[in-house]
Amino acid sequence: MPPKTRITKEMILDAAFEITRRSGISNLSARTISKALECSTQPIMYNYPSVDGIRRDVQRKADEFHMRYIMKPSGRFGQPLLEIAASYVRFAAEEPHLFRLLFQTEKFSVQSVEELINEEAFRPVLENLAASLRSDIKRAKEYFFAKYLMIHGLASLVADKAIGYDEKLILNVLLGTD
C-alpha cells in the first residue's frame, strides 16, 4: 500500500493563500509555503511543477474570496450598489495584499471592467441599477462605469495606505455628500 499523502494540493493552496494575504504575492515561493507547512519543498513542487501555477490558483481563490466578501449584504446602507461599493473599499482596507493581487497586478488581473459589466451574471445588478435610475441598461452601464472609476480609485488609495479607512468619509464620498 502506498504511503498516505501528508501534504495535499489543497493544503498547499490554503497555505499559499494565507501567505499572500499576510505578505503579498511577491513573497510567495515554494520555500515560504514549505516553511508554513513545515515540510520540504518536494511535496509543493510535486503538486505544482511551477510557482506560477500556485500563483494562478491563489489568484482564483482570492477572486472567489473577494466576491463572497463584497456580495455579502450587511443591510446597513439600503442600496445594493452602495453596499457593494462600501464593501469593495472595506476589502481594500482589510485585505490590501489580496486587493493589490486582484486589481493592481497586471499579470494576474481577473478581467476588465467592460468584461465584468457585460457578463450575464452581472445583469441583475445592472437591471436593479437601471430601475433605480429609471433608465435603460445602456445608461446603467455608463453610470456604473463612472462610479466604478471613483470607487476603485478610492479603494486603491486605501489599499496603498495613501489615505486611511474612515467609513463615514467613504460613505460621504460615495453618496456625494459632506
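Up top is the structure.
Residues numbered from 1 in each chain as written. Predicted model: local features only at pLDDT ≥ 70, side-chain atom pairs only at ≥ 80, totals over all residues. Heavy atoms only, no water.

Asks: Looking at this structure, I do not really get the packing of helix 6 (residues 96-103) against helix 9 (residues 137-159). What am I missing?
Replies: In a packed pair of helices, the relevant descriptors are the angle between the two axes and the axis-to-axis distance. Packing of helix 6 against helix 9 brings their axes to within 10 Å, and their N-to-C directions diverge by 135°. Classified by the interaxial angle, the pair formed by helix 6 and helix 9 is oblique. As for how helix 6 packs across helix 9, the hand of that crossing is left-handed. Where helix 6 approaches helix 9, its residues Pro96, Phe99, Arg100 and Phe103 are matched on the opposing element by Tyr148, His152, Ala155, Ser156 and Ala159. Taken together, the residues of the contact of helix 6 with helix 9 sort by class into six nonpolar, two polar and one charged. (Axes fitted to C-alpha atoms, helices over the stretch in contact; angles between N-to-C directions. Helix = DSSP H or I, 4+ residues; strand = E, 2+ residues; numbered from the N terminus. Parallel < 35°, antiparallel > 145°, perpendicular 65-115°, else oblique. Left-handed = near helix turned anticlockwise from the far one by under 90°. Contact = heavy atoms within 4.5 Å. Nonpolar A, V, L, I, M, F, W, Y, C, P; charged D, E, K, R; others polar.)

Asks: When you look at the layout of surface pockets in this model, what are you seeing that I'm missing?
Replies: Picture a little ball the size of a water molecule; that probe, rolled over the atoms, points out where space is still empty. A volume near 400 Å³ is recorded for the second largest pocket. Contributing to the lining of the second largest pocket are 19 residues, with Gln79, Pro80, Leu81, Leu82 and Leu129 lying nearest its centre. Looking at the lining of the second largest pocket, the elements that each hand over two or more residues are helix 5 (80-94), helix 8 (123-133), helix 9 and helix 10 (167-175). Here the element with the most residues in the lining of the second largest pocket is helix 8; it accounts for six residues. Residues of the lining of the second largest pocket, tallied by class, amount to 14 nonpolar, four polar and one charged. (1 Å grid on protein atoms, 1.4 Å probe; cavity = no way out; pocket = protein on both sides within 12 Å on 5 of 7 lines; lining within 4 Å. Points joined across faces, edges and corners; volume = space filled by probe spheres on them.)

Asks: Sorry, what's going on with the packing of helix 5 against helix 6 here?
Replies: Where helix 5 contacts helix 6, the two axes come as close as 5 Å, and the packing angle between them is 115°. Contacts from Tyr88, Phe91, Ala92, Ala93 and Glu94 in helix 5 reach Pro96, Leu98, Phe99, Leu102 and Phe103 in helix 6. Classifying every residue of the contact of helix 5 with helix 6 by side-chain character gives nine nonpolar, no polar and one charged.

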